[in-house]
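# Commentary on secondary and tertiary structure
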Amino acid sequence: MSALRSTRDLGLVPDYEGKVRDIFDLGDRFLIVATDRISAFDVVMDDIVPGRGVVLNVMSLAWFKRFADVVPNHVITADPAGFPAPFADHAAHLGGRSVLVHKAQRFDVECVVRGYIAGSGWKSYRQDGTVCGHVLPQGLRLAEQLPEPIFTPATKEDEGHDENIPYEQMVEIVGPEHAEALRRISLRLYGEGAAFARPRGVILADTKFEFGLVDGRIILIDEVMTPDSSRFWPAAGHAPGQEPPSWDKQILRNHLATLDWDHAPPPPALPAPVLAKTSERYHEVLQILFPEEAAAWRRYL
Ligand SMILES: Nc1ncnc2c1ncn2[C@@H]1O[C@H](COP(=O)(O)OP(=O)(O)OP(=O)(O)O)[C@@H](O)[C@H]1O
Ligand SMILES: [Mg+2]
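A few points on the structure. (Residues numbered from 1 in each chain as written. Chains lettered and ligands numbered in written order. Predicted model: local features only at pLDDT ≥ 70, side-chain atom pairs only at ≥ 80, totals over all residues.)

### A look at the packing of helix H1 (residues 52-66) against helix H7 (residues 272-289)
Applied cut-off: Whenever a helix is involved, its axis is fitted only over the stretch in contact; in every case the axis is a line through C-alpha atoms, and angles between N-to-C directions fall within 0 to 180 degrees. A run of DSSP states H or I qualifies as a helix once it reaches four residues; a run of E qualifies as a strand once it reaches two. Both are numbered from the N-terminal end. Reported orientations rely on four angle classes, namely roughly parallel under 35 degrees, roughly antiparallel over 145, roughly perpendicular from 65 to 115, and oblique for the rest. Should the near helix be turned counterclockwise from the far one by less than a right angle, the crossing is left-handed, whereas a clockwise turn marks it as right-handed. Note that contacts rest on C-beta atoms placed from the backbone: two residues are in contact if these are within 7 Å. Polarity classes work like this: nonpolar for Ala, Val, Leu, Ile, Met, Phe, Trp, Tyr, Cys and Pro, charged for Asp, Glu, Lys and Arg, and polar for all others, with Gly in that last group.
Two elements in contact, H1 and H7, have axes whose closest approach is 9 Å; the angle formed by their N-to-C orientations is 20°. Classified by the interaxial angle, the pair formed by H1 and H7 is roughly parallel. Here H1 runs over H7; the crossing is left-handed. Of the residues in H7, those in contact with Arg-52, Val-55, Val-58 and Met-59 of H1 are Ser-279, Tyr-282, His-283 and Leu-286. By residue class, the composition of the contact of H1 with H7 is 5 nonpolar, 2 polar and 1 charged.

### With respect to the nonpolar core
Here is the rule we go by: Nonpolar cores are built from buried Ala, Val, Leu, Ile, Met, Phe, Trp, Tyr and Cys residues. These are joined into a set through C-beta atoms within 7 Å. Exposure in this text rests on C-beta crowding, where 20 or more other C-beta atoms within 10 Å of a residue's own make it buried, 12 or fewer make it exposed, and counts in between make it partly exposed. The C-beta atoms are placed from the backbone.
Membership of the largest hydrophobic core comes to 72 residues, with the highest contact counts inside it found for Leu-31, Val-58, Met-59, Leu-204 and Leu-286. Broken down by element, the residue count for this core peaks at 9 residues, all from H1. When residues no more than four places from it in sequence are discounted, the contact partners of Met-59 are Met-225, Thr-226, Leu-286 and Phe-290.

### Focus on the sheet that holds strand S6 (residues 75-77)
Filter applied, for reference: Pairing between strands requires that DSSP locate at least two bridges from one strand to the other.
Pairing within the open sheet is antiparallel, and its 5 strands lie in the order S1-S2-S3-S7-S6. With one partner strand each, in any of the chains shown, strand S1 (16-17) and S6 form the two edges of the open sheet. Pairing of S6 with strand S7 (residues 98-102) involves 2 bridges; the strand directions are antiparallel. Paired with Val-75 across the two strands is Val-101, which belongs to S7.

Don't take any of this as a statement about function, it's just geometry.
What follows is the structure in structure tokens.
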């Protein structure tokens, strides 16, 4: 299994380092590398989860491909042999976790769709019965399915947490035509993704998309329906009223909850079994949803 904390360990210096991704600016293109870093409570851990970045990237690639007839996407190639110098020389380390993409003029909104009530949506619902201006039925329980999926945009904040906004505010940010197009595409993608996952025993509770413009055309960018941008719940045993055992950082969060840590850096050192089990969870959901893609990228997973 490949493991990568930072592209700096390969002697490469990224132009931008997110919590998870290292990004190289190549003019009209980006090379985006999903590392094995993992964060909790917005703090990047010192330890890595081997193969996590490959899972996130392979999963995004699989969804981009599935949705290509609904909306074009930013992918140019994920084949490391097709990367420009000096990246092609690092194929063994970058393969599976990297993608060369068209740089887009990003819409500064997160296009969130919720089919179930959880997270910040649940918080808002408990306060006043609404989420982003959608008035929801009374008496919903945590993790309950909504009568129909709702579009609940959020701002993209460079600092701090993204903030849920009403649709009207999104219209002010991106304009009415783009707002309507992004809403329509997001709801369609969520519907198709949820319908794909459900017969495989996975509930896609909610997810977040990002879009941008290239040559005036709307394209899907960033990552798509990964455990970092979505809530995946096992359908078996799903019971509204209880916090579902999500396919993501649950094991890590549960472990952190047992510690006396104030959620500020420096992060605590993580025990090997917690990292191993977390890695297993990520590989598991990829295997369930996309066994063929997992096989195709096996040498990097
Ligand atoms: N094709 C693209 N064109 C322009 N911007 C893009 C494209 N694809 C992704 N991005 C942007 O690149 C960044 C991806 O980096 P990354 O996900 O690591 O950082 P982040 O989302 O800002 O922070 P976090 O670490 O919390 O995820 C995001 O800001 C995303 O909006
Ligand atoms: Mg991100």
